[in-house]
Amino acid sequence: MLVVEAKLKNGTPEQYQRLDEAIRTSQFVRNSCVRYWMDNKETTRNDLQKLCSTLAKNQDTPWVTKLNSQARQSSADRAWQSINRFYQNCRAKTPGKKGFPRFKKHSRSVEYKLTGYKLSDDRRKIKFTDGFKAGEFDLWCSQKTLVYYSEQQIRRVRVVRRCDGYYCQFLIDVERQEHHEPTGQVTGIDLGLKDFYTDAQGNTVDNPRYLRKSEKRLKKAQRRLSKRFRKGKKQSNNYHKQRVKVAKLHLKVSRQRKDKAIKDALALVQSNDLVVYESLKIRNLVKNRKLAKPISDASWYQFTKWLNYFAKIYRIVCVAVPPHFTTQDCSVCGTRVQKSLSTRTHQCPNCKIVLDRDHNAAINILKKGLKYLGNYLNGSVGHTQTDQNALGEDDLWVLNGDINNLSRLVEQGISNSDVERIPHYIA
């Protein structure tokens, strides 16, 4: 599957208002499904689909029938996804909150399946034909044009409202495979805050800290917004204009993080045949109030998600290992050397090795990954450590077509772990 996003342009204010009405109707259907599930025991997905038809025929909700029938079904599917995820967390006895379904207050999208819209022959315009009659919009796409794909390949169309306009996302049924030229390189990466990540060869990638750089402008814009807020009264047009300015600043930071994550993950996958990283529980890490903002700003989750995605496309091996003691253990002799967060250098009292803290952790992460990979090839383990971010996979992901090459990667990784030239210190 491939997602192509295009901006909806050259529409009138009335047309965009009708898109808003469709989005609010989709939100109403979704919330009605959640309420129905709360009030009725043993509700199934099929019951929610039937509810969509009941809401359309109800005289008290005449606006629902304006929404395309398949768009109503998509809203019911969204409700069922949240319900099913809650059930799965309860069965798995996930610690903490189980994600009980909530009502949506500010929904920003509506999803069509195969009907409710019509594309022009040149794929440069889209016309929405449901009961709201939003009309025709121009499609502006900076990455890929839809002319390369047929209408039969477009499985879903989602309209998304953002602070800088309306966007249309096309889900295209196409298998994406990229050719990867074997490089013979294997690496492990240690994610950090000082540097975004450090690999097993000692190379580092800078942490851009986009939120910190934009914080001064954000604080100034948010102060102006708070001064224009009138409690208990209708907000002025100046308030809403300032609110949009603040939202655009946050959206810019979000897009910078995504662009950085995509480029770094793609470069890492293209230059290596095996990538090992640590599976961090970011939900627990952000509980530290002193490090929550830097950790969120680093966007580790987004980076690992794209790393797994590109690994599948380029057909390389990507392994997630547990992070326990990767920083404390010596990468040469295995001696456990306790360190605080302020200690940035690893000095082993046993083998006298001197390494950067993150470089030492990256080597340990690579060794763990090679060990797990060797156990997987030998069949000595049925399940290995997996990453919760790995696109919903339950086991260590290894492409079957690359099994013959994995032994070569393991052997080379072991030979590359020679650390005789690493500097030592004299006690």
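Side note on the pairing of strand 7 (residues 165-172)
Alright, step 1. Most of strand 7 is tucked away: 7 of the 8 residues are buried.
Alright, step 2. Bridge count for strand 1 (residues 2-9) against strand 7 is 7 bridges, and the pairing is antiparallel. Of the residues in strand 7, the one forming a bridge with Leu8 is Tyr166.
Alright, step 3. Two strands pair when backbone bridges link them, and strand 6 (residues 154-162) and strand 7 are joined in this way by 8 bridges, in the antiparallel orientation. The residue of strand 7 that forms the bridge with Arg158 is Gln169.
Alright, step 4. The hairpin turn running from strand 6 into strand 7, its antiparallel successor, is 2 residues long.

Section: empty space enclosed by the protein
Alright, step 1. A full pass over the atoms with the stated rule returns 3 cavities of 30 Å³ or more.
Alright, step 2. In this structure, the second largest cavity occupies an estimated 40 Å³ of space.
Alright, step 3. Around the second largest cavity, the lining residues are Phe196, Asn207, Pro208, Tyr210, Arg257, Lys260, Ala261, Asp297, Ala298 and Ser299.
Alright, step 4. When residues of the lining of the second largest cavity are traced back to their parent elements, those giving at least two are helix 5 (237-270) and helix 7 (292-298).
Alright, step 5. Per-element tally for the lining of the second largest cavity: the top contributor is helix 5, with 3 residues.
Alright, step 6. In terms of residue class, the lining of the second largest cavity is built from 5 nonpolar, 2 polar and 3 charged.

With respect to the sheet that holds strand 11 (residues 274-278)
Alright, step 1. Across the sheet, which stays open at both edges, the 5 strands sit in the order 10-9-8-11-12 with mixed pairing between neighbours. Pairing within the sheet leaves two strands with one partner each, and these edge strands are strand 10 (204-206) and strand 12 (317-321). Taken over all neighbouring pairs, the strand axes of this sheet differ in orientation by 20° on average, direction set aside.
Alright, step 2. Sitting on the sheet, helix 5 is in contact with strand 8 (186-191), strand 9 (195-199), strand 10 and strand 11, with an inclination near 165° to strand 10.
Alright, step 3. Lying over the sheet, helix 8 (residues 300-313) contacts strand 8, strand 9, strand 11 and strand 12, oriented at roughly 160° with respect to strand 8.

Structural notes on the side chain of Gln27
Alright, step 1. Positionally, Gln27 belongs in helix 1 (residues 13-39).
Alright, step 2. Among the polar contacts made by the side chain of Gln27, one reaches the main-chain carbonyl oxygen of Lys105 at a distance of 3.5 Å.
Alright, step 3. When neighbours within four sequence positions are excluded, Gln27 is seen to be in contact with Lys104, Lys105, His106 and Ser107.

Quick look at the packing of aromatic side chains
Alright, step 1. Enumeration according to the criterion identifies 17 aromatic pairs in this entry.
Alright, step 2. With a centroid separation of 5.1 Å and an interplanar angle of 80°, the aromatic rings of Phe196 and Phe303 are classed as edge-to-face. Pair noted here: Phe196 is in strand 9 and Phe303 is in helix 8, with a separation of 107 residues, a long-range link.
Alright, step 3. Looking at Phe196, the relative accessible area reads 2%, which means it is buried.
Alright, step 4. A residue is classified by how much of its surface remains accessible, and Phe303, at 0% relative accessible area, is buried.
Alright, step 5. Pairing Phe229 with Tyr239 gives two aromatic rings, centres 6.0 Å apart and planes at 55°, and the pair type is tilted. One end of the pair, Phe229, is in the loop between helix 4 (210-227) and helix 5; the other, Tyr239, is in helix 5, with 10 residues separating them in the sequence.

Things to note about the nonpolar core
Alright, step 1. Leu8, Leu19, Tyr112, Ile126, Phe128, Leu139 and Phe170 are the most contacted members of the largest nonpolar core, which has 29 residues in total.
Alright, step 2. For this core, the secondary-structure elements that each account for two or more residues are strand 1, helix 1, strand 2 (109-112), strand 3 (117-119), strand 4 (125-128), strand 5 (135-140), strand 6 and strand 7.
Alright, step 3. Beyond its immediate chain neighbours, meaning those up to four positions away, Phe128 contacts Leu8, Leu19, Tyr112, Gly116, Tyr117, Lys133, Ala134, Gly135, Phe137, Val159 and Cys168.
Alright, step 4. Within the second largest apolar cluster, 25 residues are counted, among which are Phe303, Leu307, Cys318 and Ala320.

Examining the pattern of salt bridges
Oppositely charged side chains can pair when the atoms bearing their charge come close.
Alright, step 1. Counted according to the given criterion, the structure contains 17 salt bridges.
Alright, step 2. We note a salt bridge from Arg162 to Glu5, for which the minimum N-O separation is 3.1 Å. One end of the pair, Arg162, is in strand 6; the other, Glu5, is in strand 1, with 157 residues separating them in the sequence.
Alright, step 3. Glu14 is the partner of Arg18 in a salt bridge, and the nearest nitrogen-oxygen pair spans 2.7 Å. Here Arg18 and its partner Glu14 are both found in helix 1, 4 residues apart, which amounts to about one turn of the helix.
Alright, step 4. By relative accessible area, Arg18 is classed as partly exposed at 27%.
Alright, step 5. Among the charged side chains, a network of salt bridges with common partners joins Arg45, Asp77 and Lys113.

Here we look at the packing of helix 1 against helix 3 (residues 69-91)
Alright, step 1. Interaxial distance between helix 1 and helix 3 falls to 8 Å at its minimum, and their mutual angle equals 40°. Taken as axis vectors, helix 1 and helix 3 run oblique relative to one another. As helix 1 runs across helix 3, the sense of the crossing is right-handed. Contacts from Ser26, Val29, Arg30, Cys33, Val34 and Trp37 in helix 1 reach Arg72, Ser75, Ala76, Arg78, Ala79, Ser82, Ile83, Phe86 and Tyr87 in helix 3.
Alright, step 2. A class-by-class count of the residues in the contact of helix 1 with helix 3 yields 9 nonpolar, 3 polar and 3 charged.

Points about a positive patch on the surface
Alright, step 1. A grouping of Lys216, Lys219, Lys220, Arg223, Arg224, Lys227, Arg228, Lys241 and Lys245 is seen on the molecular surface, where their side chains present a positively charged patch.
Alright, step 2. Sorting the residues of the positive patch by element identifies helix 4 and helix 5 as the ones contributing at least two each.
Alright, step 3. The biggest single contributor to the positive patch is helix 4, with 6 residues.
Alright, step 4. Mapping Lys245 onto the fold places it in helix 5.

The rules behind each value
Residues numbered from 1 in each chain as written. Predicted model: local features only at pLDDT ≥ 70, side-chain atom pairs only at ≥ 80, totals over all residues. Heavy atoms only, no water. Buried < 20%, exposed > 50% of the residue type's maximum accessible area, 1.4 Å probe, protein only. Helix = DSSP H or I, 4+ residues; strand = E, 2+ residues; numbered from the N terminus. Pairing = 2+ DSSP bridges. 1 Å grid on protein atoms, 1.4 Å probe; cavity = no way out; pocket = protein on both sides within 12 Å on 5 of 7 lines; lining within 4 Å. Points joined across faces, edges and corners; volume = space filled by probe spheres on them. Nonpolar A, V, L, I, M, F, W, Y, C, P; charged D, E, K, R; others polar. Axes fitted to C-alpha atoms, helices over the stretch in contact; angles between N-to-C directions. Contact = heavy atoms within 4.5 Å. Polar contact = N/O pair within 3.5 Å; in protein donor to acceptor, adjacent residues only side chain to side chain. Phe/Tyr/Trp six-rings, centres within 6.5 Å; stacked < 30°, edge-to-face > 60°. Core = buried A, V, L, I, M, F, W, Y, C linked by side-chain atoms within 4.5 Å. Salt bridge = Lys/Arg side-chain N within 4 Å of Asp/Glu carboxyl O. Parallel < 35°, antiparallel > 145°, perpendicular 65-115°, else oblique. Left-handed = near helix turned anticlockwise from the far one by under 90°. Patch = residues over 30% accessible without salt bridge, like charges linked within 9 Å, V, L, I, M, F, W, Y side chains within 5 Å. Areas by Shrake-Rupley, 256 points an atom, 1.4 Å probe, with all protein chains shown as cover. Lys, Arg positive; Asp, Glu negative; His and termini not counted. Charge placed at Lys NZ, Arg CZ, Asp CG, Glu CD.

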